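Given next are the chains, with one letter for each unit.
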Amino acid sequence: MSVNYEQSAADEQFARAHKAVSLSDDEESESNGEGLSERTQEPPPPTSSLAQEFYEEPGGKGGGGEDETQEEGAAGGAANTHVVATHYNELKEAGRKDRQKSKIFFMRNFNNWIKSQLINEYMAQIKQQKRVGDALRVLDMCCGKGGDLLKWEKASISHLICTDIAEVSIEQCQRRYQDILRRAENSKFSNKFTAEFFACDSTLVRLRERYKDPSLQLNLVSCQFAFHYCFESLAQADCMMRNAAECLKPGGFFIATIPDAYEIIRRLKAAGPETRRFGNDVYSIEFDCETDPLPLFGAKYQFHLEGVVDCPEFLVHFPTLVKLGRKYGLQLIRRSTFSEYYKETLPKGRQLLQRMSGLETVQAQRYGSDEQFSHIRNFPATQRGRPLGTLSKSEWEAATLYLVCAFKKCKNSWDANGRPVFEFDD
Ligand SMILES: C[S@@+](CC[C@H](N)C(=O)[O-])C[C@H]1O[C@@H](n2cnc3c(N)ncnc32)[C@H](O)[C@@H]1O
């Protein structure tokens, strides 16, 4: 069954419900013509009942308790960020040998390839727009240990801002950057770029106030495998979106990889009516919150991924993400599941995928006997006994929990009260 995120009827209902919720910490600066944050006399429909409809596949039954209130999401605090920070601070970086032995070695490479494809796609567009000599500035929000530093180097950027809630990760990221600089000293081909690093919670802190130059303009903001942490509450999601958007130049992009809430709910339902947990031998998801009905914010689950993640995460309700983006001048230009993005970008990215070992080469004797590779048994190449590049079933199930999305920062004029009026072109 297909899942449609652009449910316009549901979307309208959502917009009406959110007229009663402030999407800003500053009541004065809310109105942007989107009608998102106006106060209304009407009592809002219950959040949870709305969420139930939104998270379901089209044609699903929806509905829920009529007497619950809209406030629960926004009122929820940032109770989990310290748990997340501690988890990532304590995460030991595995050596190369251990990584190669991991059950998700190829999936991690595959995910890394998806990030490369996404970064390359939007950097290419930025480079087309820019004039020779213009600086190329990037914010890597929730950068972790700096897994994307080499991608930024290859993209020939001029300045990078790296920030993450986990101090230990930021320190490691900074050390990796110093290594890149040292290598660049001895190489004609490396690209040197300046960088700044700081640890902070992007869901609670206004990042621009921490930049060396708070007036700086960014070309690209990237938030990989992390934006979902802000969906703990409306206030946090609003803060994170403002951080993503406010320093972007018009024409700049915000790109992200996030879990696909509809896919998660589809799998939860497929697991059985009373079930709160599903997964396989490499990942599991267990809901900590009420699942029937689901809240719009704070839809919390425990995510476990073999050896690398074990902490609370939150469903990202996609229409809400889009609305929040528009509040800050970001227009959605791409939403693709990993599976779709893989198919779309493979023709251009095949060589890179090979170089990054994003697929496992499986020999004939193995796919004949191993259930993890039974899906390729009937491929023409494998029928002729040839080796084939693929991911194990378990890894593919984990990888296809995610989607990529991209937003474009729109130009704005100013209204009589000095508020931005964004010029969306859709
Ligand atoms: C799965 S890791 C991804 C790291 C990196 N973006 C990558 O793709 O390799 C998620 C990262 O988000 C960071 N994070 C989680 N919540 C955060 C928050 N509220 N503010 C800033 N960083 C956060 C974690 O510390 C962790 O480094």
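Residues numbered from 1 in each chain as written. Predicted model: local features only at pLDDT ≥ 70, side-chain atom pairs only at ≥ 80, totals over all residues. Heavy atoms only, no water.

## Some thoughts on the overall build of the protein chain
Across its full length, the protein chain holds 15 helices and 15 strands. Across the 426 residues that make up the protein chain, the buried fraction comes to 52%. Residue pairs in contact within the protein chain that sit at least 24 positions apart in sequence constitute 69% of those at least 6 positions apart. Accessible surface, the protein chain: about 19900 Å² in total, of which carbon and sulfur atoms supply 48%. (Helix = DSSP H or I, 4+ residues; strand = E, 2+ residues; numbered from the N terminus. Buried < 20%, exposed > 50% of the residue type's maximum accessible area, 1.4 Å probe, protein only. Contact = heavy atoms within 4.5 Å. Areas by Shrake-Rupley, 256 points an atom, 1.4 Å probe, with all protein chains shown as cover.)

## Focus on the packing of helix H9 (residues 234-245) against helix H11 (residues 318-327)
Across the interface, H9 lies against H11 with an axial gap of 9 Å and an inter-helix angle of 50°. Taken as axis vectors, H9 and H11 run oblique relative to one another. As H9 packs across H11, the resulting crossing turns out to be right-handed. On the side of H9, the interface is formed by Leu234, Ala237, Asp238 and Met241, while H11 contributes Leu321, Leu324, Gly325 and Lys327. (Axes fitted to C-alpha atoms, helices over the stretch in contact; angles between N-to-C directions. Parallel < 35°, antiparallel > 145°, perpendicular 65-115°, else oblique. Left-handed = near helix turned anticlockwise from the far one by under 90°.)

## Some details on the UniProt feature "site: mRNA cap binding" (unreviewed entry) in the protein chain
Residues given the UniProt feature "site: mRNA cap binding" (unreviewed entry) here are Lys145, Lys151, Arg176, His228, Glu313 and Tyr402. These annotated residues cover 258 residues of sequence, and their C-alpha atoms reach 27.3 Å apart at the extreme, placing them across more than a single site. Following the sequence through the fold, Lys151 ends up in helix H7 (residues 149-154). Residues in contact with Lys151, not counting those within four places in the same chain, are Asn112, Lys115, Ser116 and Ile119. Within the local environment of Lys151, its side chain forms a polar contact with the side chain of Asn112, the two groups lying 2.5 Å apart. Sequence-distant contacts of Arg176, that is, excluding residues within four places in its chain, are made with Glu93, Lys145, Gly146, Gly147 and Leu149. (UniProt positions renumbered as here; feature names shortened; annotations may be inferred. Polar contact = N/O pair within 3.5 Å; in protein donor to acceptor, adjacent residues only side chain to side chain.)

## Notes on the sheet that holds strand E6 (residues 277-279)
Spatially, the four strands line up as an open sheet ordered E6-E7-E8-E9, and their pairing is antiparallel. Only two strands of the sheet have a single neighbouring strand rather than two, namely E6 and strand E9 (309-314). Put simply, the sheet's adjacent strands are angled 20° from each other on average, direction ignored. In this structure, strand E8 (residues 300-305) lies alongside E9, joined through six bridges in antiparallel fashion. (Pairing = 2+ DSSP bridges.)

## Observations concerning the site of the ligand
As a structural note, the neighbourhood of the ligand is formed by 17 residues, with Lys115, Cys142, Asp164, Asp201 and Gln224 the closest of them. Within the side chain of Asp164, one N or O atom sits 2.6 Å away from an oxygen atom of the ligand. Contacts to the ligand include Gln224, whose backbone N or O atom sits 2.9 Å from a nitrogen atom. Coverage of the ligand by the protein chains reaches 90% of its 590 Å² of free accessible surface. When the residues that make up the shell around the ligand are grouped by side-chain class, the tally is ten nonpolar, four polar and three charged. (Near = heavy atom within 4 Å. Nonpolar A, V, L, I, M, F, W, Y, C, P; charged D, E, K, R; others polar.)

## Remarks on the packing of aromatic side chains
The final tally for this structure, using the stated rule, is 20 aromatic pairs. Between the aromatic rings of Phe110 and Trp396, the centroid separation amounts to 5.8 Å while the plane-to-plane angle is 70°, which identifies the pairing as edge-to-face. With Phe110 in helix H6 (residues 105-129) and Trp396 in helix H15 (residues 393-399), the pair connects residues that are 286 residues apart, well separated along the chain. Looking at Trp396, the relative accessible area reads 30%, which means it is partly exposed. (Phe/Tyr/Trp six-rings, centres within 6.5 Å; stacked < 30°, edge-to-face > 60°.)

## Some remarks on the nonpolar core
Counting 104 residues, the largest nonpolar core has Met141, Phe227, Phe231, Phe254, Phe287 and Leu321 as the members making the most contacts within it. The element best represented in this core is H6, accounting for nine residues. If we skip the residues at most four places from it in the chain, Leu321 touches Phe227, Phe231, Met241, Ile258, Val316, Cys405 and Phe407. (Core = buried A, V, L, I, M, F, W, Y, C linked by side-chain atoms within 4.5 Å.)

## Thoughts on helix H8 (residues 167-185)
Between its terminal C-alpha atoms H8 stretches 27 Å, which fits the 27 Å expected from 19 residues at 1.5 Å a residue. Restricting attention to buried positions, one finds in H8 the residues Ser169, Ile170, Gln172, Cys173, Tyr177, Ile180 and Ala184. The buried side chains of H8 occupy one side of the element, clustering within an arc of 160° when seen end-on. Opposite the buried face of H8, at more than 90 degrees from it, the exposed residues are Glu167, Arg175, Arg182 and Glu185. (Expected span 1.5 Å × (residues − 1). Arc of directions from axis to C-beta.)

## Details of the UniProt feature "binding site: S-adenosyl-L-methionine" (unreviewed entry) in the protein chain
UniProt records the feature "binding site: S-adenosyl-L-methionine" (unreviewed entry) at Lys115, Cys142, Asp164, Asp201, Gln224 and Tyr229, using the numbering of this structure. Taking relative accessible area as the criterion, Asp201 reaches 11% and is therefore assigned buried. Leaving out residues up to four positions away in the same chain, Asp201 has contacts with Thr81 and Ile165. Polar side-chain contacts of Asp201 include one of 2.7 Å to the side chain of Thr203. Topologically, Tyr229 is positioned in the loop between strand E4 (218-224) and H9. Residue classification places Tyr229 among the buried positions, given a relative accessible area of 12%. Each residue touching Tyr229, except ones within four places of it in the same chain, is listed here: Val84, Tyr88, Val309, Cys311, Pro312, Glu313 and Phe314.

## Side note on the state of the cysteines
According to the stated counting rule, one finds zero disulfides in the structure shown. Just so you know, Cys162 is unpaired, no disulfide at all, and the nearest cysteine sulfur is the one on Cys173, 3.9 Å from it. For Cys162, a relative accessible area of 1% puts it in the buried group. Unpaired in this structure, Cys289 has its nearest cysteine sulfur neighbour in Cys311, at a distance of 15 Å. (Disulfide = S-S within 2.5 Å.)

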